Amino acid sequence: MSYSHTARSKFTIAAWSESVITDIDGEGTTAGDTYYPARGATRAAVEYSYSGDIEGTSTVAYLIAYKADAAPVLGLERFEGSIGGHDGTCVFQHLGSQDQGSVSARIEVVPGMGTGGLTDLRGSADLSIAGSGEGGYEFVLSYDVG
């Protein structure tokens, strides 16, 4: 689908907490206080901060699979702030995959979940990130409001 507007922004990770749902083989690694199974599934609660054409904060609930190659990542993100000067809230759906060094995802606005100036928001973004994200990750949303 084609959209009329583009919002360019950067997001940073404000908080990340991850816990194991299932550990298939009982093998994994620990980084900090978090255990990551070699094969299994985790649940992550994440907070993002956005700046640029998209200004605001969000909370995300991710389900993450871990395995040797590209593994699925699913998420729902509640955003609160401004997109292209329209204030309100909305929900983004994440459908992607990860490997040991990168994440790619298709992000879609969930229709019917917006408030305020984002009530009728429609849009999508393709996200591809790698590395530590120092300075933030680029996020470009193609969208229409109304």
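Please read all numbers here as calculations on a predicted model, not as lab measurements. (Residues numbered from 1 in each chain as written. Predicted model: local features only at pLDDT ≥ 70, side-chain atom pairs only at ≥ 80, totals over all residues. Heavy atoms only, no water.)

J.: Is there a simple way to explain the packing of aromatic side chains in this structure?
T.: Any two aromatic rings considered together are summarised by their centre-to-centre distance and by the angle between their planes. Scanning the model with the defined rule gives eleven aromatic pairs in all. With centroids separated by 6.0 Å and ring planes inclined at 65°, the aromatic side chains of phenylalanine 92 and phenylalanine 139 adopt a geometry described as edge-to-face. Highlighted residues: phenylalanine 92 in strand β7 (residues 86–98) and phenylalanine 139 in strand β11 (residues 137–145), separated in sequence by 47 residues. Judged on exposure class, the residue phenylalanine 92 and its partner phenylalanine 139 are both buried. (Phe/Tyr/Trp six-rings, centres within 6.5 Å; stacked < 30°, edge-to-face > 60°. Helix = DSSP H or I, 4+ residues; strand = E, 2+ residues; numbered from the N terminus. Buried < 20%, exposed > 50% of the residue type's maximum accessible area, 1.4 Å probe, protein only.)

J.: Is there a simple way to explain the pairing of strand β4 (residues 40–52) in this structure?
T.: The side chains of a regular strand alternate, residue by residue, between the two faces of the sheet. Pairing of strand β1 (residues 5–23) with β4 involves 13 bridges; the strand directions are antiparallel. Following the sheet pairing, isoleucine 13 is matched in β4 by tyrosine 48. Two elements, β4 and strand β5 (residues 54–66), share eleven bridges in a ladder whose sense is antiparallel. When the sheet's bridge partners are listed, tyrosine 50 is paired in β5 with glycine 56. Counting the residues in the hairpin turn of β4 and β5 gives one residue. (Pairing = 2+ DSSP bridges.)

J.: Would you mind showing me how to read the side chain of serine 124 here?
T.: Tracing the sequence through the fold places serine 124 in strand β10 (residues 121–130). For serine 124, a relative accessible area of 6% translates into the label buried. Side chain to side chain, serine 124 and arginine 106 meet in a polar contact 3.1 Å long. (Polar contact = N/O pair within 3.5 Å; in protein donor to acceptor, adjacent residues only side chain to side chain.)

J.: I tried to follow the pattern of salt bridges on my own but got confused; where do I start?
T.: Oppositely charged side chains may form a pair once their charged atoms are brought near each other. Counted according to the given criterion, the structure contains seven salt bridges. In this structure, lysine 67 engages aspartate 69 in a salt bridge whose closest nitrogen and oxygen atoms are separated by 2.9 Å. Of the residues examined, lysine 67 reaches a relative accessible area of 41% and is grouped as partly exposed. Close ionic contact of glutamate 108 with arginine 106 constitutes a salt bridge, the shortest N to O distance being 2.9 Å. The network of salt bridges with shared partners includes Arg106, Glu108 and Asp126. (Salt bridge = Lys/Arg side-chain N within 4 Å of Asp/Glu carboxyl O.)

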